[in-house]
Amino acid sequence: RVNRSGTEVGAPRSGRSHRFLGGRDREFALSGLELTHHIDQANGVLVVSLENTFAGHNLPTDSRNRAIDLVVTLFDSRGEPLHKAVTEAGKTEGTARLRFRNPYRSAGQPNTQIPPGETRTLTVDLSPEVHRATIKVLYTLEPYIPDHAAHWSQEWEVQLP
């Protein structure tokens, strides 16, 4: 329910919202994604998983322009990022990256959307010089824009042993 206090006919009055929440709404989108991570000590890797927990369709959707990127950046003891990842869009932020998108048919690239209830995992080698990591999820309305221009993003800090 919402209170209409504007200039529309019948205001002020109570009514129902006509707002449609989707990928553009950060909190709503994140509520449908479950991010988990752990360190696999035996193999010396950081394992990051992203699951489509409640959408009844592939993510992202709405348009072939939409993309969700999962980016892991490793840092050395001086706080400098290690190794750069390069994707189809030429983006260089991060040490490792997965892109989820349904590209245009003419692009000849695979559909990497996350189907309902499925999980995608990114595994990143942890060399001895790694002291910390960040995990970032970015939602972009256009696949070839720089990371800093993402429609929304969420970042987590990971302390490493």
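Here is a short report on the structure shown in this document.

Rules used in this analysis
- Residues numbered from 1 in each chain as written.
- Predicted model: local features only at pLDDT ≥ 70, side-chain atom pairs only at ≥ 80, totals over all residues.
- Heavy atoms only, no water.
- Buried < 20%, exposed > 50% of the residue type's maximum accessible area, 1.4 Å probe, protein only.
- Helix = DSSP H or I, 4+ residues; strand = E, 2+ residues; numbered from the N terminus.
- Pairing = 2+ DSSP bridges.
- Salt bridge = Lys/Arg side-chain N within 4 Å of Asp/Glu carboxyl O.

Moving on: the pairing of strand β9 (residues 132-140). Within β9, eight of the nine residues are buried, leaving the element largely enclosed by the surrounding structure. In the sheet, strand β5 (residues 67-75) pairs with β9 via nine bridges, with the strands oriented antiparallel. Its bridge partner being in β9, phenylalanine 75 is matched across the sheet by arginine 132. Where β9 lies against strand β10 (residues 152-159), eight bridges are found, and the strand directions are antiparallel. Considered in β10, the bridge of lysine 136 is made with glutamate 155.

A separate point is the pattern of salt bridges. In total, this model carries eight salt bridges according to the counting rule given. The salt bridge partner of arginine 120 is glutamate 118, with a shortest N-O separation of 3.1 Å. The partly exposed category is assigned to arginine 120, whose relative accessible area is 26%. Owing to a relative accessible area of 36%, glutamate 118 belongs among the partly exposed residues under this scheme. We note a salt bridge from arginine 132 to glutamate 157, for which the minimum N-O separation is 2.8 Å. Remark: glutamate 157 occurs in strand β10 and arginine 132 occurs in strand β9; sequence separation between them is 25 residues. Because the salt bridges share partners, they merge into one network encompassing Asp69, Arg97, Arg99 and Asp147.

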